[in-house]
Number of protein chains: 2
Amino acid sequence: MDVMSSTRQRLLDAARDEFAAHGIAGARVDTIAARAGVNKERIYGYFGSKEKLFDAVITEAKAEHAKGIGLPEGDLAEYVGRLYDYHRQHPLLLRLLLWESLHYDDRPVPDQDRRAQGYDEKIAALAHALGTDVDRETAATLFTLLGLAAWPHTLPQLAGFLMPGDTEDRHNALRAHTVAFARRALEHHP
Amino acid sequence: MDVMSSTRQRLLDAARDEFAAHGIAGARVDTIAARAGVNKERIYGYFGSKEKLFDAVITEAKAEHAKGIGLPEGDLAEYVGRLYDYHRQHPLLLRLLLWESLHYDDRPVPDQDRRAQGYDEKIAALAHALGTDVDRETAATLFTLLGLAAWPHTLPQLAGFLMPGDTEDRHNALRAHTVAFARRALEHHP
DNA sequence: GGTTGACAACCAACTGGTTGGTTGGTCACA
DNA sequence: TGTGACCAACCAACCAGTTGGTTGTCAACC
């Protein structure tokens, strides 16, 4: 338990766990308040609604994510490996993104502009590393690399089913396979 | 509206839409019954519970999916393209899989054995097309190819954000990019 | 220094609409 | 007459959000 953190931050922490576990519809505001050790009314005082609390959680998680992994530069295949490791060590972020994606479907997510910031920089760095222009093709490449790294954590049951056995072994194998796959595609980039 | 279909089947159809749209926790059994045009009690008579109805929906959707797209043979990059098109034309399946994956987290999904059937065949076909053995590496390759095709439909908002503009154009570009990416990785397979 | 008032953080208790699931019975048909 | 499909009405638990009030803090004022 956090010895000294603000009520607001404890709500955010508790909400992250609850939303990552059960999604927007499945999360219970009473549970969040109880786990934060504060009264439920504080959620509405600080955030306004369950859904706005979710948005605040996502925004925070994405900011941490952007800080946690750097830009795509140098060995791009290893960048994919770093992304893979990040998702392995911080599984909540991807779960939050998936809940959000399913929830908003093809409607734009709130806060889109503010969450944009990091990506221009990433596309530019990737274009530099590839020796290409900053164009749609490079954006598509970035998107695909993000997907390669995230996919094994997106449908882990399917992975566990196609590659039975110990979870740790499977992850090691999948990481190596994913990095090698990305390397082959990137090395022969036109 | 289906002019002649059994009550059970109409419940399954209505449930597929509802679950794909809102997930297990977000779906409403009253809505499902109303859209099927039957009494809610029928859900419990036929399926037993909301969650068992969800399982029935998923099982049916996966069976259709397996039938709808063939085996990975011939041009494997085009197999990825076919998968991409399938997800574009039948977006409900992937949404159902994602809801299920998030719901069961790392617990095994029910019915695992019965849903297994198709995959052995797919791995064997892929091994044959690649000229490799039926081993974990081939399973990992299949898993990655499935992911490449599914990823743009998994986080469509991120795609729309990285590649702004018309949805149709973006899909055409992403499909071509994904197929080309897969081709480069597969052509230089060790 | 002590009193007062304003304000923000917080909480226990409440509310009323919603929800998954059940019950008792009608109807058609064998 | 018995049986299975079906339904209207019901129910108790649940849930997001609200309300009225308590407490602690801090500054203004005498």
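What counts, and where the lines are drawn
- Residues numbered from 1 in each chain as written.
- Chains lettered and ligands numbered in written order.
- Predicted model: local features only at pLDDT ≥ 70, side-chain atom pairs only at ≥ 80, totals over all residues.
- Heavy atoms only, no water.
- Least-squares fit on C-alpha atoms with pLDDT ≥ 70 in both.
- Contact = heavy atoms within 4.5 Å.
- Domains from an automatic or database assignment.
- Buried area = accessible area lost by both parts, 1.4 Å probe.
- Salt bridge = Lys/Arg side-chain N within 4 Å of Asp/Glu carboxyl O.
- Polar contact = N/O pair within 3.5 Å; in protein donor to acceptor, adjacent residues only side chain to side chain.
- Helix = DSSP H or I, 4+ residues; strand = E, 2+ residues; numbered from the N terminus.
- Nonpolar A, V, L, I, M, F, W, Y, C, P; charged D, E, K, R; others polar.
- Near = heavy atom within 4 Å.
- Core = buried A, V, L, I, M, F, W, Y, C linked by side-chain atoms within 4.5 Å.
- Buried < 20%, exposed > 50% of the residue type's maximum accessible area, 1.4 Å probe, protein only.
- Phe/Tyr/Trp six-rings, centres within 6.5 Å; stacked < 30°, edge-to-face > 60°.

Participant: Explain the relation of the copies chain B and chain A to me, using residue names and the numbers behind them.
Facilitator: With an RMSD of 0.1 Å, chain B superimposes on chain A once it is rotated by 180° and translated 0.0 Å along the axis. Interpreted geometrically, this transformation is the action of a two-fold axis. Taking C-alpha positions as reference, the residue of chain B nearest the rotation axis is B:Ala185, located at 2.1 Å. Of the interface residues in chain B, 100% have counterparts in chain A that sit at the interface too, so the contact is made through matching surfaces.

Participant: Which residues make up the domain arrangement of chain A, and what values do they have?
Facilitator: Residues and elements named next belong to chain A. Taken domain by domain, chain A holds domain 1 (1-59) and domain 2 (69-190). For domain 1 versus domain 2, the distance between C-alpha centres works out to 28 Å. Its largest share of buried area at the contact with domain 2, domain 1 owes to Ala20, Ile58 and Thr59, together 44% of the area lost on that side. Scanning the region where domain 1 abuts domain 2 turns up zero salt bridges. Summed over the shared surface of domain 1 and domain 2, the result is seven residue pairs in polar contact (both at pLDDT 80 or more). Those elements that provide at least two residues to the side of domain 1 that touches domain 2 are helix H1 (7-26) and helix H4 (50-68). For the side of domain 1 that touches domain 2, the leading source of residues is H1, giving eight residues. Split into classes, the residues belonging to the side of domain 1 that touches domain 2 amount to seven nonpolar, three polar and four charged.

Participant: Lay out the protein's contact with DNA strand D in plain terms, naming residues and giving numbers.
Facilitator: Around DNA strand D, the surrounding shell holds 14 residues, and the nearest of these are A:Arg28, A:Lys40, B:Thr7, B:Asn39 and B:Tyr46. Put simply, 57% of the atoms of DNA strand D that lie within 4 Å of the protein are in sugar or phosphate. Here a phosphate oxygen of DNA strand D sits 3.1 Å away from a polar atom, N or O, in the main chain of A:Ala27. Interatomic distance of 2.5 Å between a side-chain N/O atom of B:Thr7 and a phosphate oxygen of DNA strand D. Where the surface near DNA strand D is concerned, the elements lending two or more residues are helix H2 (29-36) and helix H3 (41-46) of chain A together with helix H3 (41-46) of chain B. Class assignment for the residues of the surface near DNA strand D results in five nonpolar, two polar and seven charged.

Participant: Explain the interface of chain B and chain A to me, using residue names and the numbers behind them.
Facilitator: Every contact between the two is made by 55 residues of chain B and, on the other side, 55 residues of chain A. With both chains or domains summed, chain B and chain A bury close to 5100 Å², and 72% of this area falls on carbon and sulfur atoms. When the buried surface of chain B facing chain A is broken down by residue, B:Leu102, B:Phe143 and B:Trp151 rank first, second and third, together holding 16% of it. Taken together, chain B and chain A are joined by two salt bridges. Residue A:Arg95 pairs with B:Asp105 through a salt bridge whose shortest N-O separation is 3.0 Å. In this structure, the connection of chain B to chain A is made through 20 residue pairs in polar contact (both at pLDDT 80 or more). Elements with a minimum of two residues in the side of chain B that touches chain A: helix H1 (7-26), helix H6 (91-104), helix H7 (112-130), helix H8 (136-154), helix H9 (156-162) and helix H10 (167-187) of chain B. Broken down by element, the side of chain B that touches chain A gets its largest block of residues, 16 residues, from H8(B). Within the side of chain B that touches chain A, the residues separate by chemical class into 34 nonpolar, 12 polar and nine charged.

Participant: Explain the nonpolar core residue by residue, including any values.
Facilitator: Among the nonpolar cores identified, the biggest contains 113 residues, and A:Phe19, A:Leu53, A:Leu162, B:Phe19, B:Leu53 and B:Leu162 are the most heavily contacted of them. When neighbours within four sequence positions are excluded, B:Leu53 is seen to be in contact with B:Leu12, B:Ala15, B:Phe19, B:Ile32, B:Ile43 and B:Phe47.

Participant: Lay out the side chain of A:Thr154 with the relevant residues and their values.
Facilitator: Relative to the helices and strands, A:Thr154 resides in helix H8 (residues 136-154). Take A:Thr154: its relative accessible area is 2%, and that puts it in the buried class. Polar side-chain contacts of A:Thr154 include one of 2.9 Å to the backbone oxygen of A:Ala150. Here A:Thr154 is in contact with A:Leu94, A:Leu98, B:Leu98, B:Ser101, B:Trp151 and B:Thr154, once residues within four sequence places are set aside.

Participant: Explain the packing of aromatic side chains to me, using residue names and the numbers behind them.
Facilitator: Summed over the entire model, instances satisfying the criterion amount to 10 aromatic pairs over all chains. Plain terms: the ring middles of A:Tyr119 and B:Phe161 are 5.7 Å apart, the flat faces sit at 70° to each other, and that makes the pair edge-to-face. With one member in each of two chains, A:Tyr119 in helix H7 (residues 112-130) and B:Phe161 in helix H9 form a pair that bridges those chains. A:Tyr119 sits in the buried class, given a relative accessible area of 10%. You can call B:Phe161 partly exposed: its relative accessible area is 23%.

Participant: Provide a residue-level description of the environment of A:Tyr119, including the pertinent values.
Facilitator: Between the C-alpha atoms of A:Tyr119 and A:Asn172, which are 53 residues apart in sequence, the distance is 28 Å. In contact with A:Tyr119, not counting residues within four places along its chain, are A:Lys62, A:Leu142, A:Leu146, B:Leu158, B:Phe161 and B:Leu162.

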